[in-house]
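# Architecture at a glance
Chain by chain, the residues run as shown.
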Amino acid sequence: MSEIILIAAIAQTNGVIGDRGKLPWSIPEDLKRFRQLTLNHTVIMGRKTWEFDLQKRPLNQRTNVIVSSQSLTSNLPNVEFVRSLSEAFDRSDEKLFVMGGASIYRQALEFVDRMELTIVEGDYNGDVYFLEWRDRLDEFQLVRSEQRNGYRFETYCR
Ligand SMILES: NC(=O)c1ccc[n+]([C@@H]2O[C@H](COP(=O)([O-])OP(=O)(O)OC[C@H]3O[C@@H](n4cnc5c(N)ncnc54)[C@H](OP(=O)(O)O)[C@@H]3O)[C@@H](O)[C@H]2O)c1
């Protein structure tokens, strides 16, 4: 069975994760960590994250699985469209990284084995929030926390 890993960067104070289709902050080390963790694995994302964040350019050296209710297709290598989250999870890959956005995080939360979070300190304006992870924290154990300047990396295992 695949390990399902939710990977997200979240504003600590209000749970903001996005602003007009983009990340509200620029943290190069977070992007580096995201790449290190996900490289050579499968990333699962919602159609909006695919269109607005990635601008329909797949992450290289990863299988990009995009969830949409529409019947979408692509000729790009390493890009697959699925019609439901359960279809996205129905894969034999070793690790499946759920990389957002908010609607996908919310639906995936009950299935995830691990969360790799970047908790960003301070106030950020945005229009997309993911706060529900806090409601389920009693189901998880914090196994690692690494403080950086203005943010920290936290790993939670179920
Ligand atoms: N901070 C972070 O770590 C992070 C990571 C990723 C994204 N984000 C931010 O999150 C925002 C986007 O999040 P979002 O919630 O608006 O959109 P999203 O989750 O990226 O995409 C939503 C779309 O996914 C499809 N979808 C969702 N659930 C589905 C289901 N069960 N079955 C079929 N299709 C389904 C639908 O596409 P159709 O409409 O085509 O059916 C839906 O409109 C952006 O601002 C982005 O920057 C932040």
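Below, the structure is looked at part by part. Every value quoted in this text rests on a predicted model; they were computed, and no experiment measured them.

The full set close to the ligand counts 29 residues, and Ala9, Thr49, Ser68, Ser69 and Gln70 are the nearest of them. The backbone of alanine 9 places a nitrogen or oxygen atom 2.7 Å from a nitrogen atom of the ligand. A distance of 3.5 Å separates an oxygen atom of the ligand from a polar atom in the backbone of valine 67. Protein contact buries 83% of the 930 Å² of open area that the ligand shows by itself. Taken together, the elements giving at least two residues each to the shell around the ligand come down to strand S1 (3-11), strand S2 (16-18), helix H2 (47-53) and helix H4 (102-108). If you tally residues by element for the shell around the ligand, the top one is H4, at five residues. A class-by-class count of the residues in the shell around the ligand yields eleven nonpolar, twelve polar and six charged.

Bringing the pairing of strand S3 (residues 42-46) into the picture now. Among the five residues that make up S3, five are buried, leaving the element largely enclosed by the rest of the structure. With three bridges joining them, S3 and strand S6 (residues 95-98) adopt parallel strand pairing. Note on S6: the bridge partner recorded for valine 43 is phenylalanine 97.

By volume, the largest pocket is sized at about 1,100 Å³. Contributing to the lining of the largest pocket are 43 residues, with Thr49, Asp53, Met99, Gly100 and Gly101 lying nearest its centre. Listed by contribution, the elements that provide at least two residues to the lining of the largest pocket are S1, S2, helix H1 (28-38), H2, H4 and strand S7 (114-120). For the lining of the largest pocket, the residue count by class is 17 nonpolar, 14 polar and twelve charged.

This part is about the packing of aromatic side chains. The tally for this structure, following the rule as stated, stands at six aromatic pairs. Seen from their ring centres, tryptophan 25 and tyrosine 124 are 5.1 Å apart, and the 80° between their planes marks the pair as edge-to-face. With tryptophan 25 in the loop between S2 and H1 and tyrosine 124 in the loop between S7 and strand S8 (128-129), the pair connects residues that are 99 residues apart, well separated along the chain. For tryptophan 25, a relative accessible area of 9% gives the class buried.

Within the secondary structure, serine 2 is located in the segment before S1. The class for serine 2 is buried, based on a relative accessible area of 10%. Here the side chain of serine 2 touches arginine 91 through a polar contact of 3.0 Å, landing on its backbone oxygen. Reaching out from serine 2, the side chain makes a polar contact with the backbone oxygen of aspartate 93 at a distance of 2.5 Å. Here serine 2 is in contact with Arg91, Ser92, Asp93, Glu94, Leu96 and Asp113, once residues within four sequence places are set aside.

How each quantity is defined
Residues numbered from 1 in each chain as written. Predicted model: local features only at pLDDT ≥ 70, side-chain atom pairs only at ≥ 80, totals over all residues. Heavy atoms only, no water. Near = heavy atom within 4 Å. Polar contact = N/O pair within 3.5 Å; in protein donor to acceptor, adjacent residues only side chain to side chain. Areas by Shrake-Rupley, 256 points an atom, 1.4 Å probe, with all protein chains shown as cover. Helix = DSSP H or I, 4+ residues; strand = E, 2+ residues; numbered from the N terminus. Nonpolar A, V, L, I, M, F, W, Y, C, P; charged D, E, K, R; others polar. Buried < 20%, exposed > 50% of the residue type's maximum accessible area, 1.4 Å probe, protein only. Pairing = 2+ DSSP bridges. 1 Å grid on protein atoms, 1.4 Å probe; cavity = no way out; pocket = protein on both sides within 12 Å on 5 of 7 lines; lining within 4 Å. Points joined across faces, edges and corners; volume = space filled by probe spheres on them. Phe/Tyr/Trp six-rings, centres within 6.5 Å; stacked < 30°, edge-to-face > 60°. Contact = heavy atoms within 4.5 Å.

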